Amino acid sequence: MKIQFIGGAGIDGDTAELVVGRPVMISAFATDDKDQPVQPSDSTYAWTWPDWLPTYPDGYKWPTDAQQTQFNATDDLVGKKAKVGVTITTQDGQKASKTLECTIVK
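Read on for an overview of the structure. (Residues numbered from 1 in each chain as written. Predicted model: local features only at pLDDT ≥ 70, side-chain atom pairs only at ≥ 80, totals over all residues. Heavy atoms only, no water.)

## With respect to the pattern of salt bridges
- Within the structure shown, the criterion is met by five salt bridges.
- Note that D35 and K2 form a salt bridge whose closest N and O atoms lie 3.4 Å from each other. Of this pair, D35 sits in the loop between β3 (24-31) and β4 (43-48) while K2 sits in strand β1 (residues 2-7), and the two are 33 residues apart along the sequence.
- K81 is the partner of E101 in a salt bridge, and the nearest nitrogen-oxygen pair spans 3.9 Å. Here E101, found in strand β7 (residues 95-105), pairs with K81, found in strand β6 (residues 81-90); they are 20 residues apart in sequence, far enough to count as distant. (Salt bridge = Lys/Arg side-chain N within 4 Å of Asp/Glu carboxyl O. Helix = DSSP H or I, 4+ residues; strand = E, 2+ residues; numbered from the N terminus.)

## A few points about the sheet that holds β4
- Taken in spatial order, the four strands of this open sheet run β2-β7-β6-β4, and their pairing is mixed. Lying at the two open borders of the sheet, with one neighbouring strand each, are β2 (15-19) and β4. Geometrically, the sheet is characterised by an average inter-axis angle of 25° between neighbouring strands, direction not taken into account.
- The sheet contact formed by β6 and β7 spans nine bridges and is antiparallel. Bridge assignment links I88 to a residue of β7, and that residue is A96. (Pairing = 2+ DSSP bridges. Axes fitted to C-alpha atoms, helices over the stretch in contact; angles between N-to-C directions.)

## Digging into the nonpolar core
- Counting 27 residues, the largest nonpolar core has L18, I26, W47, L53, F71, V86 and C102 as its most contacted members.
- Those elements that place two or more of their residues in this core are β1, β2, β3, β4, β6 and β7.
- The residues contacting C102, other than those within four sequence positions of it, are A16, L18, I26, K80, K81, A82 and V84. (Core = buried A, V, L, I, M, F, W, Y, C linked by side-chain atoms within 4.5 Å. Buried < 20%, exposed > 50% of the residue type's maximum accessible area, 1.4 Å probe, protein only. Contact = heavy atoms within 4.5 Å.)

## Remarks on the sheet that holds β1
- Pairing is antiparallel across the open sheet formed by three strands, whose spatial order is β1-β3-β5. Sheet topology places β1 and β5 (68-71) at the edges, where each strand pairs with a single neighbour. Direction aside, neighbouring strands of the sheet carry axes that sit 25° apart on average.
- Taken together, the four bridges between β3 and β5 define a ladder with antiparallel strand orientation. Bridging across to β5, V24 finds its partner in F71.

Here's what the structure looks like:
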């Protein structure tokens, strides 16, 4: 099983840029060994990200078991790198993890 990240974060493979003042959603989806999409309803998600990276909307504690998450970078974070990870587990027991390295830019 493979994981791909999609969203408005300037995602390029395993890297992304989070631009200050532009809230961004990052989603993950999985494909099986035949490169067919795995339905989100057939999977569970487990996201991780650093505590210092603010989610969006401001003050909202984004659930770590959703298919996507949203962030809103701030000026004080410019130049930092955040590792945003996800593990997807399917109902039939397949499991995959992937990390997206996000650079905060102005």
